Amino acid sequence: MTPALGLYLHIPFCRQRCDYCAFYLEVHREPAAEAFCRALETEIALYAAEPCFTGRQLASLYFGGGTPTVLKTDQLVGLLDAVQRLFPLSPACEITVEAHPATVTTRDLAALRDRGVTRISFGAESLADDELANLGRPGTQAETIAAVMSARSGGFTDFNLDLMYGLPGQTLESWERTLHRCIHLGPTHVSCYALTVEEGTRLAHEVRRAQKQEPDESLQIEMDRSAQDILGRAGYEQYEISNYARPGFQCRHNLLYWTQGEYLGVGPSAQSLVGNVRFGNVANLTRYKASLTESRFPLQERTLLTPQEQLRDAVIFGLRLRQGVPTSQLRAHVENYGHVETWRELSADQLIEDVCGRSRLSARGRLFADTIAERLF
Ligand code: SF4
């Protein structure tokens with residue numbers, strides 16, 4: 001049977017750059033956005049014409065960024081129409097659009113729902129205005145609440161809220177308040193990410209000049225523990241280390257990434273994995289458009305993964321999932337890389353557990369995932 005294929009559309013525009021953001025992006029300008037949409041359609045058409053993709057059904061579509069909703073709703077719908085003309089969608093295809101709460105209206109969201117979008121992912125980050133301001137992230141708690149109400153009245157029943165912890169000025173109590181406010185809004189899915197300070201960002205500059213506090217690692221562990229506890233008690237299952245969902249609402253597109261499923265990424269800087277080939281696009285809008293003007297794939301890198309590397313990736317992602325990875329795969333990986341003793345120690349410390357022949361991080365292990373990864377990979 002042909003494996004499921006996901007399609008990721010990277011929209012590289014935001015209204016402005018948040019202080020902590022190191023992603024490749026451009027500040028949104030309408031003429032550039034319109035030209036980008038044409039180039040993106042060309043790229044999708046080039047893939048659809050390749051014999052290995054012709055007629056393949058899409059199991060998921062994901063508009064990410066950047067901020068996809070800085071595009072006009074007509075432009076997003078136009079891209080969705082182009083995908084549907086070029087690829088068959090599976091009957092249960094999951095279609096997600098990421099949105100900044102301040103960039104959508106009830107009308108926009110109703111239009112997206114009418115055209116088949118099944119899921120909205122809001123970048124809330126915090127539900128405390130002072131923390132958002134400190135973080136250099138535009139937006140307010142009121143805008144997130146309004147966006148959630150709009151999503152509901154637009155017909156969405158499945159939506160995610162992205163949250164971040166370890167923010168400048170954030171305390172354990174204020175993080176827990178954000179978690180409770182989030183639960184009150186009733187999302188089907190919650191993502192919780194620890195803030196990291198990326199080189200080259202305004203936040204890194206401010207931390208170096210002691211104008212902002214660096215995230216405190218032990219406080220972030222406490223905050224992670226609270227998220228596990230508070231979201232767990234509210235009925236959200238932690239199905240991946242940073243992701244919680246109500247039963248039946250796991251993000252199927254992201255699960256493709258974490259289970260070595262096949263996905264195509266289109267748009268500047270987007271990454272793909274098909275079979276044992278990983279490839280990625282240029283992270284530059286001008287060069288991206290120039291390639292597509294000449295009907296060339298805008299690729300920058302292409303790596304053929306060895307069986308050993310495929311196994312390593314399966315184990316890296318699989319350990320972070322609640323479903324884990326077959327213990328036989330973990331054993332083969334630690335033998336390949338000479339980490340058998342480390343695995344024994346991590347198991348003896350109850351950081352990795354074996355449940356019915358599958359291995360995964362334990363609840364305590366999930367708090368130390370990065371350290372464990374450093375030791376095993
Ligand atoms: S909205 Fe997201 S992608 Fe855009 S600048 Fe902020 S963090 Fe980066």
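Residues numbered from 1 in each chain as written. Predicted model: local features only at pLDDT ≥ 70, side-chain atom pairs only at ≥ 80, totals over all residues.

Q: What is the right way to read the domain arrangement of the protein chain from this model?
A: Domain annotation of the protein chain identifies domain 1 (5-258) and domain 2 (307-376). Of note, the centres of domain 1 and domain 2, computed from C-alpha atoms alone, are 28 Å apart. With 10 residues of domain 1 in contact, the opposing surface of domain 2 contributes 8 residues. Counting only elements with at least two residues in the side of domain 1 that touches domain 2, the list comes to helix 8 (217-233) and strand 9 (237-240). For the side of domain 1 that touches domain 2, the class distribution of residues is 4 nonpolar, 2 polar and 4 charged. (Domains from an automatic or database assignment. Contact = placed C-beta atoms within 7 Å. Helix = DSSP H or I, 4+ residues; strand = E, 2+ residues; numbered from the N terminus. Nonpolar A, V, L, I, M, F, W, Y, C, P; charged D, E, K, R; others polar.)

Q: It is not clear to me how the sheet that holds strand 17 (residues 358-361) should be interpreted in this structure. Could you clarify?
A: Each strand in a sheet pairs with another by means of backbone hydrogen bonds, the pair being arranged parallel or else antiparallel. If you trace the 3 strands from one edge of the open sheet to the other, you get 15-17-16, paired in antiparallel fashion. At either margin of the open sheet sits one strand with a lone partner, and together these are strand 15 (325-326) and strand 16 (352-355). Note: strand 16 against strand 17, 4 bridges, orientation antiparallel. Bridge assignment links glutamate 353 to a residue of strand 17, and that residue is arginine 360. (Pairing = 2+ DSSP bridges.)

Q: What is the right way to read the site of the ligand from this model?
A: Around the ligand, the surrounding shell consists of Cys14, Arg17, Cys18, Cys21, Phe23, Leu25, Gly65, Gly66, Thr67, His100 and Gly123. Residue composition of the shell around the ligand, by class: 5 nonpolar, 5 polar and 1 charged. (Near = placed C-beta within 6 Å.)

Q: What should I look at first to understand helix 10 (residues 285-293) in this one?
A: The periodicity of an α-helix, 3.6 residues per turn, causes residues three or four positions apart to be oriented the same way. Within helix 10 the residues assigned to the buried category are Leu285, Tyr288, Ser291 and Leu292. One face of helix 10 carries all of its buried residues, which in axial projection span an arc of 130°. Seen from the buried face of helix 10, the exposed residues on the opposite side, beyond 90 degrees, are Thr286 and Thr293. Those residues of helix 10 that are buried lie in contact with strand 3 (26-27), helix 1 (30-48) and strand 13 (277-281). Directly after helix 10, the chain includes serine 295, whose backbone phi takes a positive value near 55°. (Buried ≥ 20, exposed ≤ 12 C-beta atoms within 10 Å, placed from the backbone. Arc of directions from axis to C-beta.)

Q: Where do I start with the packing of helix 6 (residues 172-185) against helix 8 in this structure?
A: Describing two packed helices takes the angle between their axes plus the distance from one axis to the other. Running from N to C, helix 6 and helix 8 point in directions that differ by 30°, and their axes come no closer than 10 Å. Relative to helix 8, helix 6 is oriented roughly parallel. The handedness of the crossing between helix 6 and helix 8 is right-handed. For the pair formed by helix 6 and helix 8, the contact residues are Leu172, Trp175, Glu176, Leu179 and His180 on the first element and Leu219, Glu222, Met223, Ser226, Ala227, Ile230 and Leu231 on the second. Among the residues making up the contact of helix 6 with helix 8, the classes are represented as 8 nonpolar, 2 polar and 2 charged. (Axes fitted to C-alpha atoms, helices over the stretch in contact; angles between N-to-C directions. Parallel < 35°, antiparallel > 145°, perpendicular 65-115°, else oblique. Left-handed = near helix turned anticlockwise from the far one by under 90°.)

Q: Would you mind showing me how to read the nonpolar core here?
A: Grouped burial of nonpolar side chains is what soluble globular proteins tend to show. Membership of the largest hydrophobic core comes to 77 residues, with the highest contact counts inside it found for Leu9, Ile120, Leu163 and Val190. Apart from residues lying up to four places away in sequence, leucine 9 is in contact with Leu40, Phe63, Leu79, Val266 and Gly267. Val315, Leu319, Val325 and Ile352 belong to the second largest nonpolar core, which has 9 residues in total. (Core = buried A, V, L, I, M, F, W, Y, C linked by C-beta atoms within 7 Å.)

Q: Teacher, can you tell me more about the packing of helix 11 (residues 307-319) against helix 12 (residues 327-337) here?
A: The geometry of helix 11 relative to helix 12 is characterised by a closest axis approach of 9 Å and an angle of 125° between their N-to-C directions. By the angle class used here, helix 11 and helix 12 are oblique. Crossing hand, helix 11 versus helix 12: left-handed. Seen from helix 11, the contacting residues are Gln308, Leu311, Arg312, Ala314 and Val315; seen from helix 12, they are Gln329, Leu330, Ala332, His333 and Asn336.

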